[in-house]
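Chain by chain, the residues run as shown.
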Amino acid sequence: RKQGIAKADPFVITLADVQEGKWHVVSAEVGGSVEKNPKIPIVCMGIGISHISFFEMLRNEGWKL
């Protein structure tokens, strides 16, 4: 079973990329490495796309829990 970058990740990252800075990629992923199964934040950083956590998105949008 393929996971991570082989599924929806490239689609989500590309959507943010074509919006030219208007969108952030939101995920719960952290860490990872460039060499082995890079996580979303690593890929976003490498190509200059903004990545934020789910809780950062809630704060940015002014949501209260």
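Given the structure is predicted, the values throughout are model-derived calculations rather than measurements. (Residues numbered from 1 in each chain as written. Predicted model: local features only at pLDDT ≥ 70, side-chain atom pairs only at ≥ 80, totals over all residues. Heavy atoms only, no water.)

(A) Region of the structure containing the overall build of the chain. In terms of regular secondary structure, the chain is built from 3 helices and 2 strands. Starting at the N terminus, the α and β elements of the chain follow one another as α-β-α-β-α. Along the first, second and third principal axes, the C-alpha atoms of the chain reach 35 × 25 × 20 Å. Buried positions account for 18% of the 65 residues belonging to the chain. (Helix = DSSP H or I, 4+ residues; strand = E, 2+ residues; numbered from the N terminus. Buried < 20%, exposed > 50% of the residue type's maximum accessible area, 1.4 Å probe, protein only.)

(B) The nonpolar core, seen in detail. Membership of the largest hydrophobic core is limited to 6 residues, which are Ile-13, Ala-16, Val-25, Ile-40, Cys-44 and Ile-49. Elements that contribute at least two residues to this core include exactly helix 1 (9-18) and helix 2 (40-47). When neighbours within four sequence positions are excluded, Val-25 is seen to be in contact with Val-12, Ile-13, Ala-16, Ile-40, Cys-44, Ile-49, Ser-50, His-51 and Ile-52. (Core = buried A, V, L, I, M, F, W, Y, C linked by side-chain atoms within 4.5 Å. Contact = heavy atoms within 4.5 Å.)

(C) View of helix 2. Restricting attention to buried positions, one finds in helix 2 the residues Ile-40, Pro-41, Ile-42 and Cys-44. Within two residues after helix 2, Gly-48 carries a phi angle of roughly 80 degrees, on the positive side.

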